[in-house]
Amino acid sequence: MDREDLIRELVDRVAGEVGLIIYTLHPKREFTDEEIAEELGIEINDVRKALFYLYEIGLADYKRKRDDETGWMEYYWRIHYEKENEVLKRELLKTKKKLQEKLEMEEENIYYLCPNGCVKVNYEEAMDLGFTCPRCGEALVYFDTTAVLEKLREEIKKIDELLAEISKKEKKVVK
């Protein structure tokens, strides 16, 4: 997955389909949420919600101005494409931290599962339960976490590679 795909995935995950549509428009100037809603034929509340989600992750900002005729506040938005790397790095680092915490948890514990998929518990909890599922009464079985650990390590490695790629591109831009 390249950087562009990652940014699209992030925008879609955070701001939804409407946010992705707005983001891919690449507006060059400030715009109001009303202009975008009218241009795209999308409900203004959906446009506003998507823009605020982009604002929350740092890819958009706005200025408020009072309309002299109506007295209503108007929001003038700007998308900050130049902040993509910064936002992407921050989000990747957050994801990496969560994966590392999950990896540590999986490495430090021995797990048992219900064969019917009711529960996954650590060894201590399994002992307390008498190695019996509290929901269905089946005997809990040992869960080999080797595949889970490998998958977590792969994901962390991919994130490290993406972060290195972003840093390399940033250094080229600075030169």
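Because the structure is a prediction, the values reported are computed rather than measured.

Rules used in this analysis
Residues numbered from 1 in each chain as written. Predicted model: local features only at pLDDT ≥ 70, side-chain atom pairs only at ≥ 80, totals over all residues. Heavy atoms only, no water. Pairing = 2+ DSSP bridges. Helix = DSSP H or I, 4+ residues; strand = E, 2+ residues; numbered from the N terminus. Axes fitted to C-alpha atoms, helices over the stretch in contact; angles between N-to-C directions. Patch = residues over 30% accessible without salt bridge, like charges linked within 9 Å, V, L, I, M, F, W, Y side chains within 5 Å. Areas by Shrake-Rupley, 256 points an atom, 1.4 Å probe, with all protein chains shown as cover. Salt bridge = Lys/Arg side-chain N within 4 Å of Asp/Glu carboxyl O. Buried < 20%, exposed > 50% of the residue type's maximum accessible area, 1.4 Å probe, protein only. Parallel < 35°, antiparallel > 145°, perpendicular 65-115°, else oblique. Contact = heavy atoms within 4.5 Å. Nonpolar A, V, L, I, M, F, W, Y, C, P; charged D, E, K, R; others polar.

### A word on the sheet that holds strand β4 (residues 111-113)
With antiparallel pairing, three strands are arranged side by side in an open sheet as β5-β4-β6. The open sheet is flanked by β5 (120-122) and β6 (141-143), the only strands paired with a single partner. Going across the sheet, the axis of each strand differs from the next one's by a mean of 40 degrees, ignoring polarity. Across three bridges, β4 lies against β6 in antiparallel orientation. Its bridge partner being in β6, Leu-113 is matched across the sheet by Val-141.

### Things to note about the sheet that holds strand β1 (residues 31-32)
Read across the sheet, three strands follow the order β1-β3-β2 without closing on themselves; strand pairing throughout is antiparallel. The outermost strands of the open sheet, each flanked by one partner alone, are β1 and β2 (60-66). Pairing of β2 with strand β3 (residues 73-79) involves seven bridges; the strand directions are antiparallel. Bridging from a neighbouring strand, Asp-61 pairs with Arg-78 of β3.

### A closer look at a nonpolar patch on the surface
Together, Ile-110, Tyr-123, Met-127 and Tyr-142 give the surface a local cluster of nonpolar side chains, amounting to about 410 Å² of exposed area. Here Tyr-123 shows up in helix α5 (residues 123-128). Assessed through its relative accessible area of 34%, Tyr-123 is described here as partly exposed.

### Topic: the packing of helix α1 (residues 3-25) against helix α2 (residues 33-40)
Look at α1 against α2: their axes get within 12 Å of each other, and the N-to-C directions meet at 100 degrees. With respect to their mutual orientation, α1 and α2 come out roughly perpendicular. Facing α1, whose interface residues are Ile-21, Ile-22 and Leu-25, α2 presents Ile-36, Glu-39 and Leu-40. The class makeup of the residues in the contact of α1 with α2 is five nonpolar, no polar and one charged.

### Quick word on the environment of Glu-138
If you trace the backbone, Glu-138 turns up in the loop between α5 and β6. In this structure Glu-138 comes out as partly exposed when scored by relative accessible area, which is 39%. Ignoring sequence-local partners within four residues, the contact set of Glu-138 consists of Cys-114, Pro-115, Asn-116, Phe-131, Thr-132 and Cys-133.

### Some remarks on the side chain of Thr-145
Tracing the backbone through its elements, the reader meets Thr-145 in the loop between β6 and α6 (146-174). Classification of Thr-145 as buried rests on a relative accessible area of 10%. What Thr-145 contacts, discounting residues up to four positions off in sequence, is Glu-106 and Tyr-111.

### Here's the deal with the pattern of salt bridges
Per the stated rule, a full pass over the model turns up 14 salt bridges. The salt bridge involving Asp-160 is made with Lys-96; its shortest N-O contact spans 2.6 Å. Taken together, the residues span a long stretch of sequence, with Asp-160 in helix α6 and Lys-96 in helix α4 (residues 84-108) at a distance of 64 residues. One salt bridge in this structure joins Glu-155 and Lys-151, with 3.4 Å as the shortest N-O distance. Here Glu-155 pairs with Lys-151, and both are found in helix α6, just four residues apart, close to one helical turn. The network of salt bridges with common partners includes Arg-3, Glu-4 and Glu-84.

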